[in-house]
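For reference, the chains in residue letters:
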Amino acid sequence: MPRKKAADRVGPVKTRSRSGCKECRTSRVRCDTQKPVCSRCREKGLPCSTQLVLKWESEFASRGLAFGRAGVWSKSSPAGGRTKSPDSLFLDDREWCPLPMVEYWGFVNSGVSTFERPDEVNVACDELNAVVLRGRDGVDFHSAREMHGRRAISLVGSTSGLQRLLDPMASLSMFPQLAGRSQGHLFDYYLQQVCPRTTASSNLSSPFASVLLPFCLSASPVLFKAIQALGACHWSRFDSTYSVVGLRLKSEALRGLSAQLAREGSLRCSADPEVLAIMMMLCLYEIVDDCDQRWTVHLKGAKELIRLRRQQQTALSKTNGAQDPVFGFAELFFAFQDVMGRTACGEEVLFGSDYWHEHERTIDLWMGCSPELVSILSSITELSRTRRQLASYSARSAFSHRAASLGRQLETLVQELDNPEDTILHSAAELKRLAAVLYLHCALYGASPTAPFVTIYVRNILRLVSDLLDSGSLVSMTWPLFVAAVELNPLHDEVWSDSADGTAVYGRPLVLRALAAMAESSVSNIARTRAVIVKVWQARDGDMLNRSPVDTSDCNDWEWYIAPVSSAMSLA
């Protein structure tokens with residue numbers, strides 16, 4: 001019997017279903033798309049499932065195939081020809097949008113843990129890859145440029161640069177006693193790469209070199225192992241093979257330190273500057289490595305030794321004598337680490353105001369600011385801890401008076417330089433002062449990112465950060481950048497517009513770009529800092545979407561968003 005012509009058919013034309021189940025499509029049978037099971041699968045007892053297949057036009061074009069129904073012959077096409085491809089229509093009206101530059105640090109992703117564990121910060125093992133771009137052979141090609149002018153020898157950028165330290169004949173070592181020992185090149189790495197990364201000054205040598213090097217002439221092998229461990233740990237950022245070497249050297253230094261403490265006792269060790277120097281290197285190792293609670297163990301141990309030494313000096317009436325430079329620098333190191341780290345979490349300060357000279361305005365080379373500024377920061381943190389304990393009117397009045405006094409001190413603080421031409425160090429000190437003013441208003445007055453005052457200071461801090469980025473100076477920026485980053489307004493991320501071409505500058509990309517550059521140029525754990533900043537951004541974004549405001553009656557904005565995720569941070 002001949003088939004009916006199209007004109008003789010009655011009823012709608014049956015077409016293939018686009019939502020048919022997988023079994024019917026495989027058997028090339030029309031599916032009636034009944035839910036949850038189609039009629040054919042129900043009759044035959046087959047599993048009825050719908051499979052979504054994504055098709056990409058670029059893949060079809062690469063194989064010379066038509067994409068979908070575009071360009072295929074159709075009965076309804078004019079003159080029995082081919083339909084025109086949609087791509088061939090309106091070619092003259094097509095307008096290409098500019099493609100923005102997407103950097104490797106440009107995405108802040110949220111995972112399941114972001115919502116399941118909102119107060120937990122996990123720095124993944126590959127988190128540093130988000131801020132340090134590595135070459136295929138493990139060498140960081142972004143570190144090829146010289147650090148701070150000509151103060152550091154470029155080690156990376158080519159394998160031959162690394163070989164200069166590995167080759168014992170490449171240069172004469174300052175410590176010949178290390179020439180016959182294994183891993184002696186790590187001490188050279190510490191001198192040439194770690195020390196220059198510890199100060200923002202472009203003219204003066206870091207105290208990690210100028211103070212510790214003369215002392216190393218008569219030091220024991222334990223101190224050398226601690227220094228080499230720090231060098232290997234920092235080098236492992238760019239070459240992971242050195243992580244095992246650093247761990248072995250750290251273990252040897254720890255065993256030597258423990259043996260000395262057990263043999264001589266805490267009181268006798270408190271009078272030995274080498275013990276504090278070893279603990280300082282091990283503390284830096286833990287900060288560079290993971291920046292978890294382990295570095296605070298050395299901090300608390302050093303605090304106990306310093307306390308014993310000060311008690312002994314007081315008993316012998318030697319407080320007015322000249323202090324050993326290693327003792328002085330070690331006390332400064334641990335006290336500064338404690339104050340700057342506890343500004344974030346708001347915990348009780350171990351090294352109180354008696355470690356700082358309140359009226360000393362000369363900028364310290366390593367701290368990048370004056371001791372007076374650090375003393376003010378310590379007072380702000382201690383005062384913020386009493387904010388929720390103000391039960392009486394007189395207590396609240398005294399709190400307000402003290403907060404206003406600290407604010408006036410910061411506003412009128414003038415930090416001085418021994419060398420007025422060291423503009424980079426002066427900019428770093430001013431950056432910390434601006435961040436201190438912002439921190440005071442957030443910690444004591446409960447200011448939030450939407451406050452106009454906060455917006456102005458965040459903009460000023462990030463402008464100075466941008467200028468320092470352009471100049472290539474990235475040391476002493478961790479704490480100011482952290483304070484500005486966690487107080488960015490999520491509803492208005494545009495911080496300013498470039499006056500030259502009108503290009504908008506956004507806060508979060510600028511912060512991430514600065515962190516990416518600092519990861520190569522500092523002796524701090526930028527991966528940990530970045531993870532905490534991202535966690536705060538995610539919390540602010542989540543609360544903004546949920547429209548759940550902060551309960552300021554119990555805690556302020558800083559205590560709600562920053563303090564819970566900032567334990568054991570090193571921001572010095």
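Residues numbered from 1 in each chain as written. Predicted model: local features only at pLDDT ≥ 70, side-chain atom pairs only at ≥ 80, totals over all residues. Heavy atoms only, no water.

Draft legend 1. Spotlight on the overall build of the protein. Looking only at helices and strands, the protein has 22 helices and 2 strands in total. Taking all 572 residues of the protein together, 46% fall into the buried category. Contacts in the protein between residues far apart in sequence, at least 24 positions, make up 70% of those at least 6 positions apart. As presented, the protein carries roughly 30500 Å² of accessible surface, and 53% of it is formed by carbon and sulfur atoms. (Helix = DSSP H or I, 4+ residues; strand = E, 2+ residues; numbered from the N terminus. Buried < 20%, exposed > 50% of the residue type's maximum accessible area, 1.4 Å probe, protein only. Contact = heavy atoms within 4.5 Å. Areas by Shrake-Rupley, 256 points an atom, 1.4 Å probe, with all protein chains shown as cover.)

Draft legend 2. Representation of the packing of aromatic side chains in the model. Applying the stated criterion across every chain yields a total of 15 aromatic pairs. For the pair Phe 208 and Phe 333, a centre-to-centre distance of 6.1 Å together with 85 degrees between the ring planes defines the contact as edge-to-face. With a gap of 125 residues between them, Phe 208 in helix α7 (residues 207–210) and Phe 333 in helix α14 (residues 325–345) connect regions that are remote in the sequence. These aromatic residues form a ring-pair network of at least three members: Phe 208, Phe 329, Phe 333, Phe 334, Phe 336 and Trp 366. If you follow Arg 309 out to its NZ or CZ, it ends over the ring of Phe 327, 3.7 Å from the centre. The ring of Tyr 355 is capped by Arg 310, whose NZ or CZ atom sits 4.0 Å from the centre of that ring. (Phe/Tyr/Trp six-rings, centres within 6.5 Å; stacked < 30°, edge-to-face > 60°. Lys NZ or Arg CZ within 6 Å of the ring centre and 35° of its normal.)

Draft legend 3. Quick look at helix α18 (residues 452–471). Counted at 1.5 Å a residue, the expected span for α18 with its 20 residues is 28 Å, and the 29 Å between its end C-alpha atoms agrees. For α18, the full list of buried residues reads Val 454, Tyr 457, Val 458, Ile 461, Leu 462, Leu 464, Val 465, Ser 466, Leu 468 and Leu 469. Just downstream of α18, Gly 472 is the residue with a positive phi angle, here 85 degrees. (Expected span 1.5 Å × (residues − 1).)

Draft legend 4. Focus on a nonpolar patch on the surface. Among the surface-exposed residues, Leu 491, Met 544 and Leu 545 lie close enough to one another that they form a single nonpolar patch of about 330 Å² accessible area. In this structure Met 544 comes out as partly exposed when scored by relative accessible area, which is 31%. (Patch = residues over 30% accessible without salt bridge, like charges linked within 9 Å, V, L, I, M, F, W, Y side chains within 5 Å. Salt bridge = Lys/Arg side-chain N within 4 Å of Asp/Glu carboxyl O.)

Draft legend 5. Spatial organisation of the nonpolar core. Judged by nonpolar contacts, the single largest core of 145 residues is most densely connected at Tyr 190, Phe 208, Met 281, Phe 334, Leu 462 and Phe 482. Sort the elements by how many residues they give to this core and helix α17 (residues 423–444) lands first, with 15 residues. Non-local contacts of Phe 334, meaning those with residues more than four positions away in its chain, are made with Leu 276, Met 279, Met 280, Cys 283, His 298, Leu 299, Ala 302 and Phe 351. The next biggest cluster of nonpolar side chains, apart from the first, holds 5 residues, and it includes Cys 21, Cys 24, Cys 31 and Cys 38. (Core = buried A, V, L, I, M, F, W, Y, C linked by side-chain atoms within 4.5 Å.)

Draft legend 6. Expanded view of the pattern of salt bridges. Enumeration according to the criterion identifies 18 salt bridges in this entry. With its nearest N and O atoms 3.6 Å apart, the salt bridge here joins Arg 294 to Glu 286. Overall, the relative accessible area of 36% leaves Arg 294 in the partly exposed class. Taking the shortest distance from any N to any O, the salt bridge between Asp 354 and Arg 310 comes out at 3.7 Å.

Draft legend 7. Inspection of the packing of helix α20 (residues 507–521) against helix α21 (residues 526–546) at higher detail. In the contact formed by α20 and α21, the axes pass within 10 Å of each other and the chain directions differ by 165 degrees. One finds that α20 runs roughly antiparallel with respect to α21. You can see that α20 and α21 cross each other, and the crossing is left-handed. On the side of α20, the interface is formed by Arg 508, Val 511, Leu 512, Leu 515, Met 518 and Ala 519, while α21 contributes Ile 526, Arg 530, Ile 533, Trp 537 and Asp 541. Tallied by class, residues from the contact of α20 with α21 come to 8 nonpolar, no polar and 3 charged. (Axes fitted to C-alpha atoms, helices over the stretch in contact; angles between N-to-C directions. Parallel < 35°, antiparallel > 145°, perpendicular 65-115°, else oblique. Left-handed = near helix turned anticlockwise from the far one by under 90°. Nonpolar A, V, L, I, M, F, W, Y, C, P; charged D, E, K, R; others polar.)

Draft legend 8. Local environment of helix α10 (residues 242–264). Between its first and last C-alpha, α10 extends 33 Å over 23 residues, near the 33 Å set by a 1.5 Å rise per residue. Those residues of α10 that sit buried are Tyr 242, Val 245, Gly 246, Leu 249, Lys 250, Ala 253, Leu 257 and Gln 260.

Draft legend 9. How the structure looks around the environment of Leu 261. Locating Leu 261 in the fold gives a position in helix α10. Separated by 14 residues in the primary sequence, Leu 261 and Val 275 have C-alpha atoms spaced 8.7 Å apart.

Draft legend 10. Geometry of the pairing of strand β1 (residues 494–497). Here β1 pairs with strand β2 (residues 504–506) via 3 bridges, running antiparallel. Bridging from a neighbouring strand, Ser 497 pairs with Ala 504 of β2. Connecting β1 to the antiparallel partner β2 that follows it, the hairpin turn spans 6 residues, and Gly 502 within it adopts a positive phi of roughly 75 degrees. (Pairing = 2+ DSSP bridges.)

Draft legend 11. Examining the packing of helix α13 (residues 294–315) against α14 more closely. Relative orientation of the contacting elements α13 and α14 amounts to 130 degrees, with a least axis distance of 10 Å. Classed by the angle they form, the pair α13 and α14 counts as oblique. Handedness of the crossing formed by α13 with α14: left-handed. Residue-level inspection shows Trp 295, His 298, Leu 299, Ala 302, Ile 306, Arg 309 and Arg 310 of α13 in contact with α14, the latter providing Phe 327, Glu 331, Phe 334, Gln 337, Asp 338 and Arg 342.

Draft legend 12. The arrangement of the state of the cysteines in detail. Considering all chains together, one arrives at 0 disulfides under this definition. Here Cys 195 stays unpaired: no disulfide links it, and the sulfur of Cys 216, its closest cysteine neighbor, is 9.3 Å away. (Disulfide = S-S within 2.5 Å.)

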